[in-house]
Amino acid sequence: MTSEKEKAIRAVVSTAVECYASGFSDRHIAEVDDEDGTINMKINNVFIAALGSDIQYYSALARSLDSSLGNMLEKMAIKIASLNYTVSQHIEGNIYPEQTEYIATILEEYKRHARKPSLSDYANISDLKPTKDVINKRHESDYYLFDNETGMHYLIELKIGGDLDNKKARSEKEALLEQFCILANSLGSQDKIKICFATAYNRYGEGKPWVQGRVRQFFADDELLISSAFWNMVCKSDKGYEIVIDEYKKSAHYIIDALSKIKKAYLP
């Protein structure tokens, strides 16, 4: 990675964190007297309120912080990816009934644990030809990245912490496989298409095995981009994760200051 590219990534991270912190504090402070405000709506839980005002406040704020921080990370990752890839967030085109039927079959086998997910499961799915009317379909995608240097296409579903129930895991894999088929049909080949399930951090701890069973029931090891693997990919560098985390830590004081301002407004 060039020094210019590293500076660009660091600029994206620092700007994203600073803007997020400012917006987060402004929004919550503006709602301090609004009974329908984000925090006030949540602090009316009498079972939490009985534990004291501090617990009541922190409980409501933590839930708001966790949700909005995840949204910020998703947007930040898109901006970083845009430095290295052509980025789109939808796929549209034709998919064949034979392909959707085959997808349904392998997903049902995953559900019954009759088949362990593997890339080979859909290695020849673009070879299925239509004998019925084709279907034109559009999918909203978290990340559709095209690498102009290698010609690779990446279809990525990002769940910040990777926490999915079985129903969502199945539907996420179904959506990715349909996008895979649409893109393969459009390109005339599936040789340079890869689908991935990604997380922004490892819920078990960085460097530790990622054993989220509900996801692994539907996704193969080669389809996973967990934590550092995801950030390295969007940064297109094996030091991507290191750079992103380092700059985030340097900028975290913006969020800390924002939280302090919010606390003073709600717990004077």
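As the structure is a computational prediction, the values presented were derived from the model and not from experiment.

How would you sum up the environment of E223? Please name residues and give values.
By secondary structure assignment, the location of E223 is in the loop between helix 7 (213-216) and strand 5 (224-226). Separated by 125 residues in the primary sequence, E223 and E98 have C-alpha atoms spaced 23 Å apart. The residues contacting E223, other than those within four sequence positions of it, are L119, Y122, K173, I195, C196, F197 and F218. Polar contacts involving the side chain of E223 include one to the side chain of Y122, which spans 2.6 Å.

Tell me about the nonpolar core, and please be specific about residues and values.
Core analysis: the largest hydrophobic core is formed by 44 residues, its most contacted members being M76, I80, I156, F230 and W231. Taken together, the elements giving at least two residues each to this core come down to helix 1 (3-30), helix 4 (53-81), strand 2 (135-146), strand 3 (153-158), strand 4 (193-199), helix 8 (228-235) and helix 9 (240-266). For this core, the leading source of residues is helix 4, giving 11 residues. Residue contacts for F230: discarding those within four places in its chain leaves A77, Y143, I156, L158, A198, T199 and L225. Ranked by size, the runner-up nonpolar core spans 28 residues in total, among them Y144, L183, V215 and F218.

Tell me about helix 1, and please be specific about residues and values.
If you check helix 1, its first and last C-alpha atoms are 40 Å apart, about what 28 residues at 1.5 Å a residue would give, namely 40 Å. Within helix 1, the full set of buried residues consists of I9, R10, V12, V13, S14, A16, V17, Y20, A21, F24, S25 and H28.

So what's going on with the packing of aromatic side chains? Residues and values would help.
Applying the stated rule across the entire model yields 10 aromatic pairs. Seen in terms of ring centroids, Y85 and Y154 are 6.2 Å apart; in terms of plane orientation they differ by 80°. Their pairing is edge-to-face. You can see Y85 sitting in the loop between helix 4 and strand 1 (86-95) and its partner Y154 sitting in strand 3, a full 69 residues away along the chain. Clustering of aromatic rings is evident, with ring pairs tying together Y57, Y58 and Y266. We note K173 situated over the ring of F219; from NZ or CZ to the ring centre the distance is 5.0 Å. Across from the ring centre of Y85, 5.7 Å away, lies the NZ or CZ of K236, which sits over that ring.

Explain the sheet that holds strand 2 to me, using residue names and the numbers behind them.
Ordered in space as 1-2-3-4-5, the 5 strands form an open sheet in which the pairing is mixed. Looking at which strands have only one partner, the edges of the open sheet turn out to be strand 1 and strand 5. Along the sheet, successive strands turn relative to each other by an average axial angle of 40°, direction set aside. With 4 bridges connecting them, strand 2 and strand 3 associate as antiparallel partners. Paired with Y143 across the bridge in strand 3 is I156. Against the sheet, helix 6 (residues 166-187) makes contact with strand 1, strand 2, strand 3 and strand 4, and its axis sits at roughly 80° relative to strand 1, the strand it touches most.

Calculation notes
Residues numbered from 1 in each chain as written. Predicted model: local features only at pLDDT ≥ 70, side-chain atom pairs only at ≥ 80, totals over all residues. Heavy atoms only, no water. Helix = DSSP H or I, 4+ residues; strand = E, 2+ residues; numbered from the N terminus. Contact = heavy atoms within 4.5 Å. Polar contact = N/O pair within 3.5 Å; in protein donor to acceptor, adjacent residues only side chain to side chain. Core = buried A, V, L, I, M, F, W, Y, C linked by side-chain atoms within 4.5 Å. Buried < 20%, exposed > 50% of the residue type's maximum accessible area, 1.4 Å probe, protein only. Expected span 1.5 Å × (residues − 1). Phe/Tyr/Trp six-rings, centres within 6.5 Å; stacked < 30°, edge-to-face > 60°. Lys NZ or Arg CZ within 6 Å of the ring centre and 35° of its normal. Pairing = 2+ DSSP bridges. Axes fitted to C-alpha atoms, helices over the stretch in contact; angles between N-to-C directions.

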